Amino acid sequence: MSTAPKAVVFHTSTSSSELDCNDDDIVVITHTKSGANCVLKQFGAHILSFQTGSGKPLIMLSKDAIMDGSAAIRGGIPLCYPQFGQPDKSYPQHGFLRRNKWRVVEGSQFDTDDSAGVSLELELKDVTVARGDGTWGKDKTLN
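Residues numbered from 1 in each chain as written. Predicted model: local features only at pLDDT ≥ 70, side-chain atom pairs only at ≥ 80, totals over all residues. Heavy atoms only, no water.

### Overview of the overall build of the chain
- Looking only at helices and strands, the chain has 0 helices and 11 strands in total.
- Moving toward the C terminus, one meets the helices and strands of the chain in the order β-β-β-β-β-β-β-β-β-β-β.
- Residue burial in the chain is summarised as follows: out of 143 residues, 36% are buried.
- In the chain, the share of contacts with a sequence separation of at least 24, taken over all contacts with a separation of at least 6, comes to 40%.
- When the accessible surface of the chain is totalled, it reaches about 8300 Å², and 50% of it is carbon and sulfur. (Helix = DSSP H or I, 4+ residues; strand = E, 2+ residues; numbered from the N terminus. Buried < 20%, exposed > 50% of the residue type's maximum accessible area, 1.4 Å probe, protein only. Contact = heavy atoms within 4.5 Å. Areas by Shrake-Rupley, 256 points an atom, 1.4 Å probe, with all protein chains shown as cover.)

Pasting the structure below:
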């Protein structure tokens, strides 16, 4: 994981925009050897952007994506769990993982010749949007 630049370009189906990387919710992963990079938001552990080492964007967001945490992000690569869709109105659309803030696991960042990455986790006791009251046991963690 590299030191975050001030802004990164992310792409929608119709345009390119800059995303403020001063937001502590943004994680930028750069593979030093290839120059490829991935931008993710801890809200939903959502991949917003991936660009090859030559700068070609491969993952895009919807131009309608809401980035302030008030709703799930549209586009990119979301986490959909425990279901896709909404089997009944007591479930959040596409599950609860994408509607909660994950955290970077301390010491998990890596950048080797072969790959780069980071691990994120969500403690279920911190889940704020889930089916019913959203409560879970204190010792449960997803990563």
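### Looking at the pairing of strand 3 (residues 26-30)
- Of all the 5 residues making up strand 3, 4 are buried; the element is thus mostly covered by neighbouring parts of the structure.
- If you look at the hairpin formed by strand 3 and strand 4 (residues 37-41), you'll find 6 residues sitting between the two strands, and Gly-35 has a positive phi there, around 85 degrees. (Pairing = 2+ DSSP bridges.)

### Observations concerning the nonpolar core
- Counting 14 residues, the largest nonpolar core has Val-27, Ile-29, Leu-40, Trp-102, Val-118 and Leu-120 as the members making the most contacts within it.
- Going through the elements one at a time, strand 3, strand 4 and strand 10 (120-123) are the ones with two or more residues in this core.
- Core analysis: the second largest hydrophobic core is formed by 7 residues, Ile-26, Val-28, Phe-43 and Leu-48 among them. (Core = buried A, V, L, I, M, F, W, Y, C linked by side-chain atoms within 4.5 Å.)

### Looking at unusual backbone geometry
- The phi torsion at Ala-45 lies on the positive side, around 45 degrees, for a residue other than glycine.
- Inspection of the secondary structure assignment puts Ala-45 in the loop between strand 4 and strand 5 (46-51).
- Accessibility expressed as a relative area gives 13% for Ala-45, which makes it buried.

### A closer look at the environment of His-31
- Relative to the helices and strands, His-31 resides in the loop between strand 3 and strand 4.
- Sequence spacing of His-31 and Ser-115 is 84 residues, and the spatial spacing of their C-alpha atoms is 6.3 Å.
- Once residues within four sequence positions are removed from consideration, His-31 is found in contact with Ala-36, Asp-111, Thr-112, Asp-113, Asp-114, Ser-115 and Ala-116.

### Points about the side chain of Ser-108
- Mapped onto the secondary structure, Ser-108 falls in the loop between strand 7 (103-104) and strand 8 (110-111).
- Judged by relative accessible area, Ser-108 falls into the buried class, the value being 13%.
- Within the local environment of Ser-108, its side chain forms a polar contact with the backbone oxygen of Val-105, the two atoms lying 2.7 Å apart. (Polar contact = N/O pair within 3.5 Å; in protein donor to acceptor, adjacent residues only side chain to side chain.)

### Some points on the confidence of the model for the chain
- The predicted model of the chain has a mean per-residue pLDDT of 76, with 73% of residues at 70 or higher.
- Low pLDDT (under 50) marks residues 1-8, which in the prediction has 25 contacts with non-local residues, meaning those over four places away or in another chain. (pLDDT = per-residue confidence, 0-100.)

### Notes on the pairing of strand 5
- Of the strand pairs in this sheet, strand 4 and strand 5 are connected by 5 bridges, and their pairing is antiparallel. Looking at the pairing, Leu-40 lines up with Ile-47 of strand 5.
- Two successive antiparallel strands, strand 4 and strand 5, enclose a turn made up of 4 residues, where Gly-44 displays a positive phi of approximately 85 degrees.
- Both strand 5 and strand 6 (residues 57-59) contribute to a ladder of 2 bridges, which runs antiparallel.

### Remarks on the sheet that holds strand 4
- The strand order 3-4-5-6 describes an open sheet built from 4 strands, whose pairing is antiparallel. Lying at the two open borders of the sheet, with one neighbouring strand each, are strand 3 and strand 6. Here the average twist between neighbouring strands, direction ignored, is 20 degrees.
- As paired strands, strand 3 and strand 4 are joined by 5 bridges and run antiparallel to one another. Across the sheet, the residue bridging to Val-28 is Val-39, located in strand 4. (Axes fitted to C-alpha atoms, helices over the stretch in contact; angles between N-to-C directions.)

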